[in-house]
Amino acid sequence: MARYYDPETTSEEDVRPRTRTKSPAERQALMRERNAALEGQAAFEAAREVALRQLDVRARSRSELETAITSRGFSSEVAASVIERLTQLGLVDDLAFARAFSRGRFEAGGKTGSALRVDLQRKGISPEIIDTVLSEIGADEQFERALNLAQKKMRSMPNCDDQVARRRIFSMLGRKGYSPQDCIRVLEAIVEGRDDEY
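Conventions adopted
- Residues numbered from 1 in each chain as written.
- Predicted model: local features only at pLDDT ≥ 70, side-chain atom pairs only at ≥ 80, totals over all residues.
- Heavy atoms only, no water.
- Helix = DSSP H or I, 4+ residues; strand = E, 2+ residues; numbered from the N terminus.
- Buried < 20%, exposed > 50% of the residue type's maximum accessible area, 1.4 Å probe, protein only.
- Contact = heavy atoms within 4.5 Å.
- Axes fitted to C-alpha atoms, helices over the stretch in contact; angles between N-to-C directions.
- Parallel < 35°, antiparallel > 145°, perpendicular 65-115°, else oblique.
- Left-handed = near helix turned anticlockwise from the far one by under 90°.
- Nonpolar A, V, L, I, M, F, W, Y, C, P; charged D, E, K, R; others polar.
- Salt bridge = Lys/Arg side-chain N within 4 Å of Asp/Glu carboxyl O.
- Phe/Tyr/Trp six-rings, centres within 6.5 Å; stacked < 30°, edge-to-face > 60°.
- Lys, Arg positive; Asp, Glu negative; His and termini not counted.
- Polar contact = N/O pair within 3.5 Å; in protein donor to acceptor, adjacent residues only side chain to side chain.
- Arc of directions from axis to C-beta.

1. Details of the overall build of the protein chain
Line of reasoning, step 1. Within the protein chain one finds 11 helices and 0 strands.
Line of reasoning, step 2. Listing every helix and strand of the protein chain by position from the N terminus yields α-α-α-α-α-α-α-α-α-α-α.
Line of reasoning, step 3. Taken across its 198 residues, the protein chain has 31% of its residues classed as buried.
Line of reasoning, step 4. Counted over contacts in the protein chain with a minimum sequence separation of 6, partners at least 24 positions apart contribute 61%.

What follows is the structure, encoded as structure tokens:
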């Protein structure tokens, strides 16, 4: 559509073409350039602000914080110094983070074993810490949680054939990280429970 301006009533500012706004990618690239240009204490403080904002949302692992800082254009040396300082202050602790994370995933979704190991590896947790955290979840506790999950799944399949129900429960527990032996024990316990009802 063509625009017509009356030269007597229109100023040059009204006729001037509008400048194009920057896209999100352009704004992010500009932010990275600005952050990369910072040096010394200014870079440290700006990177620390990024880390603290991340920690305001939820607890983070060292790896997650490093990724957040470096993705905003800061050098890995600045990220390492900020994370080291936050660790000294007790704001970053991979072991405490891994314990809380794994406990939350276990209690909320029933994840354990290999599934929980994969989630922790994605968060950048070291294998030693992962082994420590996974060993804290006891076998009896895992069995009880698996049994509760299986019973809940059984209730959601009232008209399902026994063979299909067993296969679905076995698959669901396997995806959550339970070993095949645990899955079999749970299925046997459910069958015993059904036999006792009749």
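Anyway, onward from the coordinates.
2. Points about the packing of helix α7 (residues 113-122) against helix α8 (residues 127-135)
Line of reasoning, step 1. Put simply, α7 and α8 touch, their axes get as near as 10 Å, and they point 140° apart. By the criterion of interaxial angle, the relationship of α7 to α8 is oblique. Of the two possible hands of crossing, α7 and α8 adopt the one that is right-handed. Contacts from Gly113, Leu116, Arg117, Leu120 and Gln121 in α7 reach Ile130, Asp131 and Leu134 in α8.
Line of reasoning, step 2. In terms of residue class, the contact of α7 with α8 is built from 4 nonpolar, 2 polar and 2 charged.

3. Here's the deal with the pattern of salt bridges
Line of reasoning, step 1. Considering all chains together, one arrives at 12 salt bridges under this definition.
Line of reasoning, step 2. In this structure, Glu141 and Arg103 form a salt bridge, with 2.5 Å as the shortest nitrogen-oxygen distance. Of this pair, Glu141 sits in helix α9 (residues 139-155) while Arg103 sits in helix α6 (residues 94-109), and the two are 38 residues apart along the sequence.
Line of reasoning, step 3. Taking relative accessible area as the criterion, Glu141 reaches 33% and is therefore assigned partly exposed.
Line of reasoning, step 4. In this structure Arg103 comes out as partly exposed when scored by relative accessible area, which is 24%.
Line of reasoning, step 5. With a shortest N-O distance of 3.9 Å, Arg185 and Asp182 are connected by a salt bridge. Separated by 3 residues within a single helix, Arg185 and Asp182 lie in helix α11 (residues 180-197), roughly one turn from each other.

4. Some thoughts on the packing of aromatic side chains
Aromatic ring pairs are reported here in terms of the distance separating the ring centres and the angle at which the planes meet.
Line of reasoning, step 1. Within this structure, the stated rule accounts for 1 aromatic pair.
Line of reasoning, step 2. Judged by centre distance (5.8 Å) and plane angle (25°), the rings of Phe97 and Phe101 are stacked. Separated by 4 residues within a single helix, Phe97 and Phe101 lie in helix α6, roughly one turn from each other. Both residues of the pair, Phe97 and Phe101, belong to the buried class.

5. Overview of the environment of Ala146
Line of reasoning, step 1. Within the element layout of this structure, Ala146 appears in helix α9.
Line of reasoning, step 2. Ala146 sits in the buried class, given a relative accessible area of 1%.
Line of reasoning, step 3. Spatially, the C-alpha atom of Ala146 lies 9.7 Å from that of Ile169, the residues being 23 residues apart in sequence.
Line of reasoning, step 4. Ignoring sequence-local partners within four residues, the contact set of Ala146 consists of Leu173, Tyr178 and Val186.

6. Brief notes about the side chain of Arg145
Line of reasoning, step 1. Note that Arg145 resides in helix α9.
Line of reasoning, step 2. Despite its burial, Arg145 pairs with no opposite charge; the closest candidate is Glu107, at 8.2 Å N-O.
Line of reasoning, step 3. A polar contact of 3.0 Å, which involves the side chain of Arg145, links it to the backbone oxygen of Glu107.
Line of reasoning, step 4. Beyond its immediate stretch of four places on either side in the chain, Arg145 contacts Phe106, Glu107, Ala108, Gly109, Gly110 and Tyr178.

7. Side note on helix α4 (residues 62-70)
Line of reasoning, step 1. Among all positions in α4, only Glu64, Leu65, Ala68 and Ile69 are buried. Down the axis, α4 shows its buried residues gathered within 130° of arc, on one side only.
Line of reasoning, step 2. The inward-facing, buried residues of α4 abut α3 (40-57), α5 (76-88) and α6.

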